[in-house]
Amino acid sequence: MNDTTARPELPDHLSGNPRSPFFVAECFEHQIGIRFNGKERTDVEEYCVSEGWIKIASPKALDRRGQPMLITLKGTVEAYYV
């Protein structure tokens with residue numbers, strides 16, 4: 001069974017928040033892996049491959065809507081389907 005043809009190409013900039021303009025629902029039908037500076041990351045909320053950054057949720061800080069604040073980390077980003 002080879003379902004790689006059914007997977008859409010991963011965009012350069014992708015967000016896990018449905019309210020974001022960079023949210024692509026078709027990509028989240030499959031499991032996505034992120035490698036940041038050579039290490040696997042499972043806590044990524046948003047990424048951009050060309051600009052080389054990821055955003056992760058802050059453990060305690062919340063914005064005014066009650067959503068976790070995002071921390072930006074810069075480095076080498078690789079996105080792939082698992």
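The structure presented is a predicted model; accordingly, all values stated were derived computationally and were not measured.

J.: What exactly am I supposed to notice about the environment of Met 69 here?
T.: If you trace the backbone, Met 69 turns up in strand 6 (residues 68-74). Here the alpha-carbon distance between Met 69 and Lys 55, two residues 14 residues apart in the chain, equals 9.4 Å. Met 69 has contacts with Ile 56, Ala 57, Ser 58, Ala 61, Leu 62 and Asp 63, leaving out every residue within four places of it along the chain.

J.: Where do I start with the sheet that holds strand 2 (residues 32-36) in this structure?
T.: By way of backbone hydrogen bonds, the strands of a sheet pair with one another, either parallel or antiparallel. In spatial order, the strands read 3-2-7; together these 3 strands make up an open sheet with antiparallel pairing. Edge positions in the sheet fall to strand 3 (39-41) and strand 7 (77-81), since each of these pairs with one other strand and no more. Across the sheet, the mean angle from the axis of one strand to that of its neighbour is 35 degrees, orientation sign disregarded. Note: strand 2 against strand 7, 5 bridges, orientation antiparallel. Following the sheet pairing, Arg 35 is matched in strand 7 by Glu 78.

The rules we used
- Residues numbered from 1 in each chain as written.
- Predicted model: local features only at pLDDT ≥ 70, side-chain atom pairs only at ≥ 80, totals over all residues.
- Heavy atoms only, no water.
- Helix = DSSP H or I, 4+ residues; strand = E, 2+ residues; numbered from the N terminus.
- Contact = heavy atoms within 4.5 Å.
- Pairing = 2+ DSSP bridges.
- Axes fitted to C-alpha atoms, helices over the stretch in contact; angles between N-to-C directions.

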